[in-house]
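# Observations on the model geometry
Here is what each chain is made of, one letter per residue.
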Amino acid sequence: MIVRVRSRDGLERVTVPNPNATVAELKTLIESQLKVPAAQQTLSMDKDLLLCKTPDEIRRFTDLSNPWSTLPSLGIGHGSLIYLSYDHTVIERTIPPPPLLTPAGSFGRKMTMDDLIAKQVRVSRQETSPCESVSFDRSAADAFQHYVNDSLAFAVKRCGFMYGTVSDAGRVEVDFIYEPPQSGTEAEIYLLRDSTEEAAVEAVAAGLGMRAVGFMFTQAVGQDKEGYTLSETEVRLAAQMQVECGRGLEQWVTAVVKLEVSEDGGADVHFEAFQLSEMCVKLFRDGWFLGDEAGPGTDPKVTRLKKEVVVGVKDVKEVDNDFFLVPVKISDHQGPLSTTFPIENRNTEVTMRALKTHLDRTKSLPFVKRISDFHLLLFLARYFDVNADVPALAECVQGQITVPEGFQLIIDSLASSA
């Protein structure tokens, strides 16, 4: 227990391990903890002890003079206050300063309203984003949407990583889309990521002067999209990809592709682009998202959190997903790459026959034009050194310069082996 001891030096505290300790044991503890010898101590429950000026006046206080009396018998327990007198002319003590007051914390510490507000996590709509706009290469976007529309019929979800460049003004240009190994259902995307293939993707992108700039996924026609833009699962996936793959890029974009049915019964493919708010990314990075450990949510349009946040004037653990989304303007452009070579990780495996067919079809073009396709370069990365040859080959494509004869001979040899 803790016994408070007040002397002319101020209020101090003594830890008493045994609640049934005697007065003699208490004096020993005061000697060891407060550095006042037991023989010099006069203890009392009466505060007038501290007003005494002579030894005769002090000797009148005898309520704690019996060394064998136990503390409980004297009414002394945890938090009790007793008074201590000793001869300051004989004993010199150095009293440690009291602890500084800090905002919030244990009982008794001062806390201002500004401190209280600063400790709250507040979620509100973010009006602006670092990404000024995003432009999609028409061929790359068309190849992605045609596959999910024609082959998958938007029945399952599909995703890809967007690569391109970011201007000083914050404009993002997407020039190719890498589709990793994956398995999709109506509600989920399961990434089966291949570190070797991703290293090749990064090598090609580096040679092309590009980098990962965002994540793209589709919404299935069968999923319930009533009343929300992105579901809780989609927000969590988008945040995960930004944290894991964005590498700190402020302009990282999340794009959504969906099939919308018009009033006359027709269906159109729509692209939408967003940035996740800074607060959304921070909450995910700090582990506040509840995720799948609590089971599927009953309301897909809210994100469940492990702790309460302030939305408006309410403390809540569920946040409307739209609070986490900042819309980004969309445009399109014709980038430097073609998208005519078969795309990786789809239903049909890409073989050497595809390389031969592609080169035969483009034989009237300069060789650098014939290989100016990200998916073809990624296929060739299986047969070249990913650290030296692949970036060098991609640099030829970036600058549209003559491909070294050695590279041409190897590529033609691979094609002829089909």
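Residues numbered from 1 in each chain as written. Predicted model: local features only at pLDDT ≥ 70, side-chain atom pairs only at ≥ 80, totals over all residues. Heavy atoms only, no water.

For the chain, the count of helices and strands is twelve helices and 16 strands. The C-alpha atoms of the chain give 36 Å as radius of gyration, which overshoots the globular expectation for 418 residues (22 Å, by more than 25%). Judged by the C-alpha coordinates and their principal axes, the chain covers about 120 × 55 × 40 Å. Evaluated residue by residue, the chain yields a buried proportion of 44% over its 418 residues. Taking contacts inside the chain between residues at least 6 apart in sequence as the whole, the part at least 24 apart equals 66%. When the accessible surface of the chain is totalled, it reaches about 21800 Å², and 52% of it is carbon and sulfur. If you average the places of the 43 positive and of the 59 negative side-chain charges in the chain, the two averages end up 7 Å apart. (Helix = DSSP H or I, 4+ residues; strand = E, 2+ residues; numbered from the N terminus. Rg over C-alpha atoms; globule rule 2.2 N^0.38 Å. Buried < 20%, exposed > 50% of the residue type's maximum accessible area, 1.4 Å probe, protein only. Contact = heavy atoms within 4.5 Å. Areas by Shrake-Rupley, 256 points an atom, 1.4 Å probe, with all protein chains shown as cover. Lys, Arg positive; Asp, Glu negative; His and termini not counted. Charge placed at Lys NZ, Arg CZ, Asp CG, Glu CD.)

With their axes 8 Å apart at the nearest point, helix H8 (residues 352-361) and helix H12 (residues 405-416) run at an angle of 115° to one another. As for the relative orientation of H8 and H12, their crossing is left-handed in sense. Listed contacts from H12 to Met352, Leu355, Lys356 and Leu359 of H8 are Ile411, Asp412, Leu414 and Ala415. For the contact of H8 with H12, a count of residues per class yields six nonpolar, no polar and two charged. (Axes fitted to C-alpha atoms, helices over the stretch in contact; angles between N-to-C directions. Left-handed = near helix turned anticlockwise from the far one by under 90°. Nonpolar A, V, L, I, M, F, W, Y, C, P; charged D, E, K, R; others polar.)

This paragraph deals with the pattern of salt bridges. Under the defined criterion, the tally for this structure stands at 15 salt bridges. Each of Arg158, Glu179 and Arg346 takes part in one network of salt bridges that share partners. (Salt bridge = Lys/Arg side-chain N within 4 Å of Asp/Glu carboxyl O.)

Here we take up the UniProt feature "domain: Nuclear pore localisation protein NPL4 C-terminal" (unreviewed entry) in the chain. Those places that UniProt annotates as "domain: Nuclear pore localisation protein NPL4 C-terminal" (unreviewed entry) correspond, in this numbering, to residues 158-291. Secondary structure within residues 158-291 divides into 26% helix and 37% strand; the distance between the first and last C-alpha atoms comes to 20 Å. (UniProt positions renumbered as here; feature names shortened; annotations may be inferred.)

This paragraph deals with the sheet that holds strand S2 (residues 10-15). An order of S2-S1-S4-S3 is seen for the four strands of this open sheet, with the pairing classed as mixed. Here the strands that pair on one side only, and so sit at the sheet edges, are S2 and strand S3 (42-44). For this sheet, the mean angle separating the axes of adjacent strands, direction not counted, is 35°. As paired strands, strand S1 (residues 2-7) and S2 are joined by six bridges and run antiparallel to one another. Within S2, the residue paired with Val5 across the bridge is Glu12. (Pairing = 2+ DSSP bridges.)

A few words now on the packing of aromatic side chains. In total, this model carries ten aromatic pairs according to the counting rule given. Centre to centre, the rings of Phe136 and Phe271 are 5.7 Å apart; their planes meet at 50°, and the pair counts as tilted. Residue Phe136 is located in strand S5 (residues 133-137), and its partner Phe271 is located in strand S12 (residues 267-276); the two are separated by 135 residues in the primary sequence. Taking the centre distance of 6.2 Å and the plane angle of 20° together, the rings of Phe289 and Phe324 count as stacked. Here Phe289, found in the loop between helix H7 (278-285) and strand S13 (302-311), pairs with Phe324, found in the loop between strand S14 (314-320) and strand S15 (325-327); they are 35 residues apart in sequence, far enough to count as distant. One aromatic cluster is present, built from ring pairs that chain together Phe161, Phe215 and Phe217. (Phe/Tyr/Trp six-rings, centres within 6.5 Å; stacked < 30°, edge-to-face > 60°.)

The next subject is the UniProt feature "domain: Nuclear pore localisation protein Npl4 ubiquitin-like" (unreviewed entry) in the chain. Here, UniProt's "domain: Nuclear pore localisation protein Npl4 ubiquitin-like" (unreviewed entry) annotation points to residues 1-48. Strand forms 31% of residues 1-48 and helix 25%; the C-alpha atoms that close the span are 25 Å apart.

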